[in-house]
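# Summary of structural features
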Amino acid sequence: MNSVGAPATGTRRLTTSAMIASIAEEGQRTAKAPFGHALARLADQRPDIVGLSADLAKYTDMHVFREAHPDRFFQMGMAEQAMLGAASGLAESGLTPFASTYSVFATRRAYDFLCLDIAEPGLNVNVVGALPGLTTGYGPSHQATEDLAILRAMPGLTIVDPADSVDIQQAVPALAAHPGPTYLRLLRGAVPTVLDEYDYTFRLGRAAELRGGRDVLFISTGLMTVRALSAARELERDHVDAAVLHVPTIKPFDREAVVREAAKDRLVVTLENHSVIGGLAESVASSLAFARVTAHLVPVGLPDEFLAAGALPTLHDRYGLSVAAIKDLVRREL
Amino acid sequence: MAPTATTTPAAGPRTAPPASHAERLRALRESAYRIRTHALNMAEVQGQGYVGQALGVADVLAVVYKDVLNHRPEDPEWPGRDRLLLSIGHYAIALYAALAEAGVLDTAELETYGSDGSRLPMSGMATYTPGMEISGGSLGHGLGIAAGLGLGLRHQGSRAHVYNLLSDGELDEGSTWEAALACAHHGLDNVTAIVDVNALQADGPTNGVLRTEPVTDKWEAFGWHAVRVDGNDVDALVAAFDSLRTHRGSPSVLVCDTRVGRGVPMLETREKAHFLRVEEHEWQIARDQLTERFHAECADRNAATADEEHTA
């Protein structure tokens, strides 16, 4: 059984702090419920947009859409299989559904329905999974540490792991415009706003270089892109020059950009909020191998194990997702 | 492939002036007979192919495709159509026969059933076949899709109706009951489930694999308007669908008790199995028995009618 070490006496004991644990660092700008607001705005322009949830509207920011467009929200109850089946039927009737639940339920529990009702007929259904990777301290029942590994082999499915509120706001209309099925790893609640400080626009299927650097290349996805940017900034003080290539679309994977950047003789660190099995690290590794490109490649990701329960910052430290852990790893590997 | 039976006249188009009730039933029984004939022919080509289920469900499909569904055979994608979702992908043989009977498919295409490159695979798939609304086969999917279609069509003001044909074995699947809750919760009176209770599933009789009875009570407890009929009695089926057409406020389910192999005495009495065993030389015997039984039943009914008229 996993256990988190007892906190040092005298310090404030960190708690699992409810389900709404924020991933924002101290002092970071945030936007509230960027997914819900983006979907509600999109629905103002597109009457075909509808929303569903499986008794988790409030916890997937879908409540914002529900309040704005109550006639276009369908509550399916705690029944993920029925929700994805119904999303398929809504799409067959000509509507464009966004269906939200936790990632663990969308993938592990309702896989057959995502696969056969949505992906096989190639319907424009957008599945939104909250609590991807390690974004809750509730333990394995809620931590979708292998959702990318489960879904990457599904034919025709587009998979997006956004970094921040900017990414989410731009991804939502892009996913609705994309004709086939998609899966969005949701960041909910107070979501960091970071990418507006960079010359960045979300483009489905495309990686984006957020900063250049001679010594290290961070190839990152999801919330780890924000951590990579922080680590790169702090490493400047150690005279380490780190580039950041953000890969928001896990599938289809931008192999061309990844291979091009990884071939430039730098330490390559992949960073993902996901198991080191079957996610970004192995996507990068296989892209390089198939292109006959070699690199000093080191993964930052979650270990191949069922993770502990506890406070999120403690767990991120423990499993190596914190900025401090990233900097330590770079210093060791250089 | 044996020629399609020509001993009975082709059914008239639905635009024909309203026929008498007796005429309506007679035409539907002929449709069911032709569906059975098509199914036997297809199964012979394949050497197997869920012929027991097809013979059992033929009456239901004849009534649905020739009397219930508002659809346009020449335009299977017409947005205003009523939809029949086939959950039970292995019943595709019966559905192809019904689609041919309805004019969606050419009868000649049926002989490609299950062959390489055919639009008629052994397990039904929407992307292969005109008129096949969903890819069934992984059981417990159809009713959830029906719920979404019902919601979506209602939301867009469509009067189209959604039918989902499922089997009693499919009632084992939890997702069927998730969807049953959803349809009832949302008051989807544009959704009708048709449950083919042939009391048989892959590992044996349903009551020995996983008991699903009392089926009607279960649907009622889930908030559905439930009617149970003999699914091989065309008259009863027509009356049931007519009564369901006017039902409002909740989804409906028509529970149909059917007999595996129905219409072919040799197969009705054969040991019941998911794959009904038929030897190569038996296909022609089966067709002969089907035709013989069909004509005998017609004659019996005519005699009964004459008796009634005489009595009157």
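In the block above lies the structure referred to throughout.
Figured I'd write up the structure that's included with this text. The structure presented is a predicted model; accordingly, all values stated were derived computationally and were not measured.

## Some details on the interface of chain B and chain A
Counting residues at the interface gives 21 residues for chain B and 22 residues for chain A. Within the residue set of the side of chain B that touches chain A, elements represented by two or more residues are helix 4 (142–155) and helix 5 (174–185) of chain B. If one sorts the elements of the side of chain B that touches chain A by residue count, helix 4 of chain B sits on top with nine residues. By residue class, the composition of the side of chain B that touches chain A is 10 nonpolar, 10 polar and one charged.

## What about the sheet that holds strand 2 (residues 49–53) of chain A?
Residue and element names in this part refer to chain A. Strand order across the open sheet formed by seven strands is 3-2-4-5-7-6-12, with mixed pairing between neighbours. Across the chains shown, the open sheet's two edge strands, defined by having one partner strand only, are strand 3 (73–75) and strand 12 (249–251). Averaged over all pairs of adjacent strands, the angle between their axes in this sheet comes to 20 degrees, without regard to strand direction. Pairing geometry for strand 4 (residues 96–102) and strand 5 (residues 126–130), over five bridges, is parallel. Each bridged residue has a counterpart across the sheet, and for Phe98 the counterpart in strand 5 is Asn126. Its contacts with the sheet place helix 1 (residues 34–45) against strand 2, strand 4, strand 5 and strand 7 (182–186), and it is angled at close to 145 degrees to strand 2.

## Some points on the pairing of strand 7 of chain A
All names here are of chain A. Of all five residues in strand 7, five are buried; the element is thus mostly enclosed. Here strand 5 pairs with strand 7 via five bridges, running parallel. If you follow Ala130 over to strand 7, its bridge partner there is Leu186. The parallel pair strand 6 (residues 158–160) and strand 7, bridged by helix 7 (residues 165–177), forms a crossover whose chirality is right-handed.

## A look at the packing of helix 3 (residues 80–92) of chain A against helix 5 (residues 111–119) of chain A
All names here are of chain A. Relative orientation of the contacting elements helix 3 and helix 5 amounts to 10 degrees, with a least axis distance of 9 Å. Relative to helix 5, the element helix 3 is oriented roughly parallel. Every residue of helix 5 that contacts helix 3 at Gln81, Leu84, Gly85, Ala87 and Ser88 is listed here: Phe113, Leu114, Asp117 and Ile118.

## Thoughts on the nonpolar core
Membership of the largest hydrophobic core comes to 194 residues, with the highest contact counts inside it found for Phe218 of chain A together with Ala39, Ile93, Ala94 and Tyr96 of chain B. Looking at this core, the element that brings in the most residues is helix 2 (residues 51–68) of chain B, giving 12 residues. Each of two domains, domain 1 (30–192) and domain 2 (205–333) of chain A, supplies a minimum of three residues to this core. When sequence neighbours within four positions are dropped, the list of residues in contact with Phe218 of chain A reads Ala228, Ala232, Ala242, Ala243, Val244, Leu245, Val269 and Leu271 of chain A.

Each value, and the rule that gives it
In this convention, every chain numbers its residues from 1, walking through the sequence in written order. For this description, chains carry letters from A and ligands carry numbers from 1, given in the order in which they are written. With the structure being a predicted model, the display of local features is reserved for residues of pLDDT at least 70 and the display and counting of side-chain atom pairs for 80 or more, all residues being used for whole-chain, interface and lining totals. Any residue pair is listed as a contact if its two C-beta atoms, each placed from the backbone, are within 7 Å. Segments assigned H or I by DSSP are reported as helices when at least four residues long, segments assigned E as strands when at least two residues long, and all are numbered from the N terminus. The classification used treats Ala, Val, Leu, Ile, Met, Phe, Trp, Tyr, Cys and Pro as nonpolar, Asp, Glu, Lys and Arg as charged, and all other residues, Gly among them, as polar. Here, strands pair whenever DSSP counts at least two bridges between them. Axis angles are defined between N-to-C directions and span 0 to 180 degrees, where every axis is a line fitted to C-alpha atoms and, for a helix, only to the segment in contact. Any residue surrounded by 20 or more other C-beta atoms within 10 Å of its C-beta is treated as buried, while 12 or fewer makes it exposed and the intermediate range makes it partly exposed; C-beta atoms here are placed from the backbone. By convention, orient the strands away from the viewer: a clockwise path from the first strand over the helix to the second makes the crossover right-handed. An angle below 35 degrees is read as roughly parallel, one above 145 as roughly antiparallel, one from 65 to 115 as roughly perpendicular, and any other as oblique. Definition of nonpolar core: a set of buried Ala, Val, Leu, Ile, Met, Phe, Trp, Tyr and Cys residues joined via C-beta atoms within 7 Å. Where each domain starts and ends follows an automatic or database-derived domain assignment.

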